[in-house]
Amino acid sequence: MTDEARDLSTAQAADVLLPLALDGAYSYLVPEGARVQPGCYVQVPLGPQMRIGIVWGDPKPALECDKPERLREIAHIYDVQDAPPLPDLNRKFIDWVAAYTMSPPGQVMRMTLRVPAALEPPPVRYGYRASGFQPERLTPQRARVLEVAGEGPAWAGSDLASAAGVSSAVVKGLSEAGALEKIALPAHAPFAPPLPQAGPVTLSGDQEQAAKVLRRAVIARDFSVTLIDGVTGSGKTEVYFEAVAAAVSAGKQVLILLPEIALTGQFIARVEARFGAAPAGWHSGMKPKERERVWRGVAHGHAKIVVGARSALFLPWTNLGLIVVDEEHESAYKQEDGVRYHARDMAVVLAALGKFPLVLASATPSLESLVNVDRGRYELVCLPDRHGRAVLPKIDLVDMRETPAERGTWLSPPLVNAVAETLKSGDQAMLFLNRRGYAPLTLCRACGYRFECPNCQAWLVEHRFRRQLVCHHCGYTARIPNACPSCGTEDALVPCGPGVERVAEEALARFPDARIAILSSDMIYGSDSLRQVLAEIVAGKHNLIIGTQLVAKGHHFPQLTLAGVVDADIGLENGDPRAGERTWQLLAQVSGRAGRGEKPGRAIIQTHMPEHNLMQALVAGDRDGYLAHEKHMRERMDLPPYGRLTGLIISAASMGDAERFARELALRAPPAEGVRVLGPAPAPLAMVRGRHRVRFLVKSQRGVNIQAFLAAWLDGVKPKGSVRLAVDVDAYSFL
Ligand code: ADP
Ligand code: ZN
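Residues numbered from 1 in each chain as written. Chains lettered and ligands numbered in written order. Predicted model: local features only at pLDDT ≥ 70, side-chain atom pairs only at ≥ 80, totals over all residues. Heavy atoms only, no water.

Undergrad: Would you take a moment to explain the domain arrangement of the protein chain for this structure?
TA: Accessible area lost when the parts come together is the quantity often used to give the size of an interface. According to the domain assignment, the protein chain consists of domain 1 (12-110), domain 2 (125-185), domain 3 (205-383), domain 4 (394-435 + 499-631), domain 5 (437-497) and domain 6 (643-728). Placing the centre of domain 4 and that of domain 6 at their C-alpha centroids yields a distance of 38 Å. (Domains from an automatic or database assignment.)

Have a look at this one:
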């Protein structure tokens, strides 16, 4: 209610979307004499609080609202000079994603409204410069400050003080004495405009062909999707840089999406070298200041090239003209909590709504994208050869049943020999095992007791460097005890199986002179140290790299000539419909790290099932054969991308509550053509973080409006008490 009674007959009302999980936008009165436009940022009261929201449509007469006399008034309208209204396209996109993922629109919009500080006028900062005026009292400290302040542009006060090694009081004193003059500094470092031809390369014939297709797509200024399918090291990045150059020439903004982990300094530096200006970055590890700078830069259109993780889709773009999704097959593009969206798929939607081109790139494209090529929806360009003299690595299998590793070790004689030879010749070798920690399971030799997480249905993983047992699902940690907690026997606990740390331990014993780098997401504390280690590898500081899937991600290590896969069978038999495809991608990507420079590379893959069609296809380099088989199976079983899978995950404080709710839900499932509801069944991970979990899996044929089906099913369903219900449209995780 407004404070004074307002004449509602002339008042205007606006729908305001708040960044909360509400059903939709709420109506508010527009203050008298004020004007709002769609996309404006505003502050409105909600209960006793003030909230920032976005005007979600054209204002309308207040009398058209339900109960207009109860409308509250917009409290503050942000100046459109500081915060340009969120364009139509972005608002449409948010609504689209919300409808598709069955999320509240406000929850999706929250991804745009991440930096409230960026809506305010930019803070005015002052710097100091020596004025040339000599103060009466010139202490040595003061002299030092004046000497420093005489160099370069204006200094921020604190920077000047620390550069001169004095307290800020000295700077202040000099300013008051008139020896330093105050100068307004830009609030944020500006974005230098990228130059399309700052560091061009001469493309090979195939590359030029591919680049031509992409340039044409950019110039057409219409929606299109092009898949660059090129082996690792074939120059996919160079080729899509040509599309970026074309978009930049046309004055457009460009978004290059990368999986978070691939967002390295190496890639940023490469963009900078090619375009003569550092791109803006957008990822979860950014400091608030930089986040604000980039958000403003995007909203005002100054930031032209943004290299970002999936949430960059929700930046307040004003003039987006191209999106590139690199490593498009990566499952990391799927967000698995909150709004469960697939960034690659939503990028396609944004490009379609905005009528501009999209480029997908991968050495191991997803079946989803390849089938879209088959269907004629995506254009395909191929880069079959590595650039220059680099050739694809030769792949050999080691049958671990015939030539096993010695007891208690994990590297077979052929792999050990290959690593030794590689190191001897001065090259780099890599050992890959997709398992973090030291050992995946710890048990008591005396009584058979196994260490399990108290919150999750999962074994605790030993991390020897940290001297801890860790749950990989909830982060629970415990110290490794001396005695078995069950039978009390001392020194009877044994680790079972290898993790990456255990392989490193073996490597250290076998190759004591090797300079080992371990790359595992839990050993690298913060992305800066990851960047540093990657740079050190490129510089040749390490010659044996041991890692989890972190090492498979698009890195370019020119001196690496051997990739060894310690256990290729992990992940093949976990019941995930994409298990085969993912294993294929991972093994092909890991192998592809070898031989990217001058010397040819090779890959050695340890497996217990060398006869498996996937292993055979890898050795034969028969990707098409493998994928044809995989497509055939998926089509026969109505699995993605032919049919669709939607997950419904129910969790509760007790298994009884979860099951009861699931049974009630099962009874309400409406019959529908082309839809099969499987479950409820306990989830493979039946307990996570102390919550018990039950799943449904909804299989639907293409062409079924799954959102309409789910809406009909879930209409009026309200989980009570501790019960939660999550909908996962196009599920990628089945745990
Ligand atoms: P991909 O993205 O397919 O893995 P990149 O674009 O990273 O391949 O290329 C692999 C390496 O070859 C990089 O170091 C890249 O700079 C170099 N390269 C590729 N194409 C060219 C070219 N036409 N001229 C010069 N260097 C190239
Ligand atoms: Zn746990």
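Undergrad: Where do I start with the coordination of the zinc ion (ligand 2) in this structure?
TA: Reference geometry at the metal: tetrahedral coordination by four donors gives ideal angles of 109.5 degrees; octahedral coordination by six donors gives 90 or 180 degrees. Surrounding the zinc ion (ligand 2) are the protein donor atoms Cys453 (SG), Cys456 (SG), Cys471 (SG) and Cys474 (SG), which sit 2.2 to 2.4 Å from the metal. Between consecutive donors of the zinc ion (ligand 2), the numbers of intervening residues give the motif C-x2-C-x14-C-x2-C. Within this pair, whereas cysteine 456 is found in the loop between β19 (441-444) and β20 (461-463), its partner cysteine 471 is found in the loop between β21 (468-470) and β22 (477-479), the two being separated by 15 residues in sequence. Cysteine 471 matches cysteine 456 in its accessibility class, with the two residues each being buried. (Donors = N, O, S within 2.8 Å, 3.2 Å for Na, K, Ca; no water. Helix = DSSP H or I, 4+ residues; strand = E, 2+ residues; numbered from the N terminus. Buried < 20%, exposed > 50% of the residue type's maximum accessible area, 1.4 Å probe, protein only.)

Undergrad: Is there a simple way to explain the packing of aromatic side chains in this structure?
TA: The geometry of an aromatic ring pair is captured by two quantities: the separation of the ring centres and the angle between the planes. Per the counting criterion, the structure on display carries 11 aromatic pairs. The interplanar angle of 80 degrees and the centroid separation of 5.4 Å between the aromatic rings of phenylalanine 696 and tryptophan 713 together place this pair among those described as edge-to-face. Of this pair, phenylalanine 696 sits in strand β30 (residues 691-701) while tryptophan 713 sits in helix α19 (residues 706-714), placing them 17 residues apart in sequence. Accessibility classification places phenylalanine 696 together with tryptophan 713 in one group, the buried group. One aromatic cluster in this structure is built from Tyr240, Phe241, Phe267 and Phe275. In this arrangement the basic side chain of arginine 274 is found over the ring face of phenylalanine 275, its NZ or CZ atom lying 4.8 Å from the centre. Above the plane of the ring of phenylalanine 191 lies arginine 293, whose end atom (NZ or CZ) is 4.0 Å from the centre. (Phe/Tyr/Trp six-rings, centres within 6.5 Å; stacked < 30°, edge-to-face > 60°. Lys NZ or Arg CZ within 6 Å of the ring centre and 35° of its normal.)

Undergrad: Hey, could you run me through the packing of helix α15 (residues 579-591) against helix α17 (residues 623-636) in this one?
TA: Packed helices, taken two at a time, are described by their axes: the angle between them and the distance between them. Where α15 meets α17, the closest approach of the two axes is 10 Å, and the angle between their N-to-C directions is 160 degrees. Judged by the inter-axis angle, α15 sits roughly antiparallel to α17. In the crossing of α15 with α17, the sense of the turn from one axis to the other is left-handed. Contacts from Gly580, Glu581 and Trp584 in α15 reach Arg623, Tyr626, Glu630 and Arg634 in α17. Among the residues forming the contact of α15 with α17, the class breakdown is two nonpolar, one polar and four charged. (Axes fitted to C-alpha atoms, helices over the stretch in contact; angles between N-to-C directions. Parallel < 35°, antiparallel > 145°, perpendicular 65-115°, else oblique. Left-handed = near helix turned anticlockwise from the far one by under 90°. Contact = heavy atoms within 4.5 Å. Nonpolar A, V, L, I, M, F, W, Y, C, P; charged D, E, K, R; others polar.)

Undergrad: Honestly, the site of ligand 1 in this entry has me stumped. Any pointers?
TA: For ligand 1, the set of nearby residues contains 15 residues, the closest of which are Thr202, Gln207, Lys236, Thr237 and Arg270. A distance of 2.8 Å separates a nitrogen atom of ligand 1 from a polar backbone atom of threonine 202. Contact between ligand 1 and glycine 235: an oxygen atom at 2.9 Å from a main-chain N or O atom of the residue. Across the complex, the protein chains shield 78% of the 550 Å² of accessible surface that ligand 1 would expose by itself. Here the shell around ligand 1 is built from residues that sort into two nonpolar, nine polar and four charged. (Near = heavy atom within 4 Å. Polar contact = N/O pair within 3.5 Å; in protein donor to acceptor, adjacent residues only side chain to side chain. Areas by Shrake-Rupley, 256 points an atom, 1.4 Å probe, with all protein chains shown as cover.)

Undergrad: Is there a simple way to think about the environment of tryptophan 282 in this case?
TA: Tracing the chain through its elements places tryptophan 282 in strand β12 (residues 280-282). Sequence separation between tryptophan 282 and glycine 308 is 26 residues; the distance between their C-alpha atoms is 4.4 Å. Side chain to side chain, tryptophan 282 and serine 311 meet in a polar contact 3.2 Å long.

Undergrad: Just to check I follow, could you spell out unusual backbone geometry for this structure?
TA: Most peptide bonds take the trans form, and the phi angle of most residues other than glycine is negative. With an omega dihedral of 5 degrees, the bond running from proline 640 to proline 641 counts as a cis peptide bond. Summarising the element assignment, proline 641 is placed in the loop between α17 and β28 (643-652). Put simply, glycine 679 and proline 680 share a cis peptide bond, and its omega is 10 degrees. Here proline 680 shows up in strand β29 (residues 675-688). Unusually for a residue other than glycine, glutamate 327 sits at a positive phi of about 50 degrees. As for its placement among the helices and strands, glutamate 327 is situated in the loop between β14 (320-326) and α10 (343-354). Among the residues examined, glutamate 327 registers a relative accessible area of 13% and is labelled buried. Of note in the backbone geometry, arginine 689 takes a positive phi value of approximately 50 degrees without being a glycine. In this fold, arginine 689 is placed in the loop between β29 and β30.

Undergrad: I keep staring at the nonpolar core and nothing clicks. Help me out?
TA: With 113 residues, the main nonpolar core has Leu313 and Ile323 as its most contacted residues. For this core, the leading source of residues is α10, giving seven residues. With residues up to four places along the chain from it excluded, the contact list for leucine 313 reads Phe93, Leu255, Leu257, Ile323, Tyr341, Ala343, Met346, Ala347 and Leu350. Counting 30 residues, the second largest nonpolar core, distinct from the first, contains Val244, Ile256, Leu258 and Val271. (Core = buried A, V, L, I, M, F, W, Y, C linked by side-chain atoms within 4.5 Å.)

Undergrad: How should I be thinking about the side chain of threonine 548 in this particular structure?
TA: Within the element layout of this structure, threonine 548 appears in the loop between β25 (544-547) and β26 (560-565). For threonine 548, a relative accessible area of 4% translates into the label buried. Discounting residues that sit within four places of it in the chain, threonine 548 has contacts with Phe432, Leu433, Asn434, Arg435, Arg436, Val500, Leu519, Ser520 and Ser521.

Undergrad: Explain the side chain of arginine 693 to me, please; I cannot follow it from the model alone.
TA: For arginine 693, the location among the structural elements is in strand β30. The buried charged residue arginine 693 lacks any salt bridge, with glutamate 336 as its nearest oppositely charged partner at 8.1 Å. Within the local environment of arginine 693, its side chain forms a polar contact with the backbone oxygen of leucine 685, the two atoms lying 2.9 Å apart. Among all residues touching arginine 693, those that are not within four sequence positions of it are Ile649, Ile650, Ser651, Met655, Pro682, Ala683, Leu685, Ala686, Val688 and Leu735. (Lys, Arg positive; Asp, Glu negative; His and termini not counted. Salt bridge = Lys/Arg side-chain N within 4 Å of Asp/Glu carboxyl O.)

Undergrad: What is the right way to look at the state of the cysteines in this model?
TA: Applying the stated criterion across every chain, the model contains zero disulfides. Lacking any disulfide linkage, cysteine 444 is separated from the closest cysteine sulfur, that of cysteine 484, by 3.7 Å. (Disulfide = S-S within 2.5 Å.)

Undergrad: It is not clear to me how the sheet that holds strand β24 (residues 516-519) should be interpreted in this structure. Could you clarify?
TA: In sheet architecture, strand pairing relies on hydrogen bonds along the backbone and comes in two forms, parallel and antiparallel. Read from one edge to the other, the open sheet built from six strands follows the order β17-β27-β26-β18-β25-β24, with strand pairing classed as parallel. Only two strands of the sheet have a single neighbouring strand rather than two, namely β17 (394-399) and β24. Between one strand axis and the next, the sheet turns by 15 degrees as a mean value, whatever way the strands run. Relative to strand β27 (residues 602-607), β26 runs parallel, the two sharing four bridges. In the strand pairing of β27, valine 565 is matched with isoleucine 605. Set on the sheet, helix α16 (residues 613-620) makes contact with β17 and β27; between it and β17 the angle comes to about 145 degrees. (Pairing = 2+ DSSP bridges.)

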